[in-house]
Every structure is written in C-alpha cells, then in structure tokens.
Amino acid sequence: EYKERGRNIVVSRRALLEEERVTKREELKKKIKVGENVTGIVRNIQNFGVFVDLGGVDGLIPASELSWSRVNPSEVVEDGQEVTAKVIGADWDKERISLSLKALASDPWVQSAEKYSKGQRITGKVARLTDFGAFVEIEPGLDGMIHVSAMGATERIKHPKEVLEVGQEVEAEIDSLDMQKRRVSLSLDYKLFEGLGDLPRVHSKLDCAVEKVADFGVFVKLPTGHVGVIANSEMNTRRG
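Residues numbered from 1 in each chain as written. Predicted model: local features only at pLDDT ≥ 70, side-chain atom pairs only at ≥ 80, totals over all residues. Heavy atoms only, no water.

Asker: Tell me about the side chain of Lys102, residues and numbers included.
Answerer: Tracing the chain through its elements places Lys102 in the loop between strand E7 (96–100) and helix H3 (108–115). Of the buried charged residues, Lys102 lacks a salt bridge, with Glu65 as the closest side chain of opposite charge at 4.0 Å. In this structure the side chain of Lys102 is engaged in a polar contact, spanning 3.3 Å, whose partner is the backbone oxygen of Ser64. (Helix = DSSP H or I, 4+ residues; strand = E, 2+ residues; numbered from the N terminus. Buried < 20%, exposed > 50% of the residue type's maximum accessible area, 1.4 Å probe, protein only. Lys, Arg positive; Asp, Glu negative; His and termini not counted. Salt bridge = Lys/Arg side-chain N within 4 Å of Asp/Glu carboxyl O. Polar contact = N/O pair within 3.5 Å; in protein donor to acceptor, adjacent residues only side chain to side chain.)

Dropping the structure here:
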C-alpha cells in the first residue's frame, strides 16, 4: 500500500515468497513426474512415513514404501539425510507427491522364485504373532506364515504364543508357495514325524496304547511312534 504521499507505505515479503513458491512449483511440475527418480532432503520423520523436501515442495515416503521389510522409518533414514526416491504418485491440485525407496531396491519375491521350493526347510525369525498364525521372516522383505493348525503341537492350541514368541529362531518346512499372491505357507508339523518308523500298512493289526479320550474318538499310540485316531463310528461301542 502507498498512502499519505509516501509517509505510509506497507510492504510484504510474504507476497514475494508466494510468487517465488508458485514459480518453483511450476518448474518442479516439469521435473517431478511419476516414474522419475528425484533427490531431496529428509525434513520430518513420522511413524506413518517420511517427508522429503524436494526444493519447494514436500514429498511423502509412506512407511510401507521405505523397504521391502517391515521397518520403522527412523531405522531407515535420519533428519537432514539426502535421499533418492522414485515418484509413484503426483497430485498437484492437493500438492501430494508420493515417493518410494522400495521401488529402487530389488524385489525379494522375484529372486525367491528360484531359491525356494515346496518341501524345503528354511530358518527364520518370528516377526509377529496373530490369532491365526505366526509370520516368519525368511529374508528381508520375504515373510512366510505358519498357520496355528500347523505348529507341530500334539494338542490343539488356541494361540501361536503357546508355541512361539517374537524374535525366536525357527526351522520350518515350506508347505506351499504362491508368488503371484506373494504367499509362502510354512509348517512345523514335520517335527511330529521325526525319528518315527514307517507308517503301518492298511488292514494290519496293531497293539496300541490309549493316549487320550476325546468327544469324537480315541487317540492311540502306535508301535511305530505315530498317533492314530479311532473315530466314534469305529469304536464298536454304544453311542457315548
């Protein structure tokens, strides 16, 4: 503003900075495009991701795009660090630039197609437990899941924590692989058969020891070490 013949003048630095920001923004729109690599400085680290200053506009690297492994953002980058990332999304109307460090690293699932197969034994660490199973890190970025029904327990378990704990190293057998769905199913049931003899032949007669009586039948220990089940319908006894 200019008033009173120059005795009352109001100036604005903010207006100038806003003009510069708009100019920089237009220049960045030409440089920052989906699929391109950009370099910036880490400005702010949050649990959900990392904000990177790209020289006039901030880009966000979501926590899920920091690494193929499940990590905390502070484990990967630090404030003031220069990083190079790939642009995976750009919404200039909302000024949202999505970046990825993971996209610049090799996909462990692609490599695992040649390294692993059904029936193979692997060693890994329990990464987390859920009500339905345990996730085991086979290698960074590649997890396998042991379902609660395949934990090698002789009795039914209600939660994986009854058998495993986070951080525990386990040897498991690959039960199935689906690289398209990125799923690896693991099992500890092989331990139930270690050191046992050959399975008995069908129709052979055996002397067995009763292990447990359940509502649906009777568990018996076979001479080979295996456990068999006599269903209620095969007990030749009255109902109940």
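From this point, the discussion proceeds with the structure in view.
Asker: I'd like to hear about the packing of aromatic side chains, residue by residue, with values.
Answerer: Applying the stated criterion across every chain yields a total of 3 aromatic pairs. Between Phe216 and Phe219 the ring centres are 5.8 Å apart and the planes differ by 80°, which places this aromatic pair in the edge-to-face class. The ring of Trp68 carries Lys102 above its face, with NZ or CZ at 4.8 Å from the centroid. Here the guanidinium or amino end of Arg121 rests over the ring plane of Tyr190, the centre of that ring lying 3.7 Å away. (Phe/Tyr/Trp six-rings, centres within 6.5 Å; stacked < 30°, edge-to-face > 60°. Lys NZ or Arg CZ within 6 Å of the ring centre and 35° of its normal.)

Asker: So what about H3? Which residues, and what values?
Answerer: All of the buried residues in H3 are Pro108, Trp109 and Ser112. Looking straight down H3, one finds its buried side chains confined to an arc of 90°; they lie on one side. Turned more than 90 degrees away from the buried face of H3 sit Val110 and Glu114, all of them exposed. Taken together, the buried residues of H3 touch strand E9 (133–139), strand E10 (142–147) and strand E12 (183–187). (Arc of directions from axis to C-beta. Contact = heavy atoms within 4.5 Å.)

Asker: Please give an account of the sheet that holds strand E8 (residues 121–130) that cites residues and values.
Answerer: Pairing is mixed around the closed barrel formed by 5 strands, whose spatial order is E8-E9-E10-E12-E11. Averaged over all pairs of adjacent strands, the angle between strand axes in this sheet comes to 50°, irrespective of strand direction. The sheet contact formed by strand E11 (residues 169–178) and E12 spans 5 bridges and is antiparallel. Bridging across to E12, Ser176 finds its partner in Ser185. The strands touched by H3 are E9, E10 and E12; relative to E10, the strand with the most contacts, the crossing angle is about 65°. (Pairing = 2+ DSSP bridges. Axes fitted to C-alpha atoms, helices over the stretch in contact; angles between N-to-C directions.)

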